[in-house]
Amino acid sequence: MPTLSARSWLYARIALTVLAFAALFHFVPLADLLHAAARIAPAAWAGCFALALTAQLFSVARFQLLLSAYGAEQLPPWRESLRLFLVSSFYNTYVPGGVAGDVVRALVVRKCFPRGGLTSALAVSLVERVTGLAGMLVLVATVSAFSPLIEGLLPFSLLGLLAAITAIAAVIVARRLAPHLPGRLRDIATSLPSLEHPVRYALALAAALVTHVISALGYHVIIHSLSARANVAESLVIVPIATSAQYIPATIAGAGTRDAAFVFLYERVGVEPAHALAMSLAVLLCSFVIAALGGIATLLGPYE
């Protein structure tokens, strides 16, 4: 049972989510939003869905590379890995907290680390999250250097990238630091995997970068069907920044804050707020559908 403070925080996040959307709908009339949503071309819907699924495939490749880089003695088959990612997407989307899917994935792949077990699997899941964030920051820093949409963004992107690298390095050297750590921290650090194949980790980082590019293109095909004002380079900057709002725990899964970020950033390049909000909600619907496929995948039977 959740504690009173946990329930209060959940209720507060629900209230903030409702308030965020209330503010958005005050700024963007519902009639304009519905009109914009009706103008999304069927080909754009199909393209967004196909790109989202392709991004899932690259996420699977990234996770497989990370497992191998951190010394996994066996890897789950690709088919099972794809199913596992769909299932984890279902839990991350529909279960409050946004991390339940990572725990489910770690529970399944813990057999890949006979010595470290669940601790090693959870550590790789953490590294995967950090690697994905690093890939996003690399994309924003690179594109913003050539397309300065937001003045002063590049230094902050580089600082964020440095923070991501620091977090990755901390996991890498944790085993070496273990003898100097106290009690429980020493036990956890000892169980963490060591990076045995740096080249495979570099490939995983490249896969993370490609994943974010594909995801941004999924958003772009929707916004391009509504407005030709935003070009691809601008979407490659706007989408990662706006979607990073999901890391802000003020609302449920970043809902409301993420959509407001899309409206604000795309308006800077001449896109109407109704078009940006319709795009944001359309891609959110696509992600809900893909996550629902993960719910169906849970019915296919237990993992071996």
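This section reports on the structure supplied with the text. (Residues numbered from 1 in each chain as written. Predicted model: local features only at pLDDT ≥ 70, side-chain atom pairs only at ≥ 80, totals over all residues. Heavy atoms only, no water.)

1. Quick look at the overall build of the protein
Looking only at helices and strands, one finds 13 helices and zero strands in the protein. Its helices and strands in sequence order give the protein the pattern α-α-α-α-α-α-α-α-α-α-α-α-α, from N to C terminus. In the structure as shown, the protein presents an accessible area of about 15200 Å², 71% of it carried by carbon and sulfur atoms. (Helix = DSSP H or I, 4+ residues; strand = E, 2+ residues; numbered from the N terminus. Areas by Shrake-Rupley, 256 points an atom, 1.4 Å probe, with all protein chains shown as cover.)

2. Looking at the environment of Ile172
Position of Ile172 relative to the elements: it lies in helix H7 (residues 153–172). Using a relative accessible area of 29% as the deciding quantity, one classes Ile172 as partly exposed. Sequence separation between Ile172 and Glu196 is 24 residues; the distance between their C-alpha atoms is 9.6 Å. Excluding residues that lie within four positions of it along the chain, Ile172 makes contacts with Tyr70 and Leu195. (Buried < 20%, exposed > 50% of the residue type's maximum accessible area, 1.4 Å probe, protein only. Contact = heavy atoms within 4.5 Å.)

3. Here's the deal with the pattern of salt bridges
Scanning the entire structure with this criterion turns up three salt bridges. Ionic pairing is found between Arg105 and Glu128, a salt bridge with its closest N-O pair at 2.5 Å. Of this pair, Arg105 sits in helix H5 (residues 100–109) while Glu128 sits in helix H6 (residues 117–146), and the two are 23 residues apart along the sequence. Both residues of the pair, Arg105 and Glu128, belong to the buried class. Through salt bridges with shared partners, a single network forms among Arg62, Arg105 and Glu128. (Salt bridge = Lys/Arg side-chain N within 4 Å of Asp/Glu carboxyl O.)

4. Describing the side chain of Thr131
Structurally, Thr131 can be placed in helix H6. Contact partners of Thr131, with chain neighbours within four places excluded, come to Leu66, Ile168, Tyr201, Ala204, Leu205 and Ala208.

Note that all results are geometric; they support no functional claim without further evidence.
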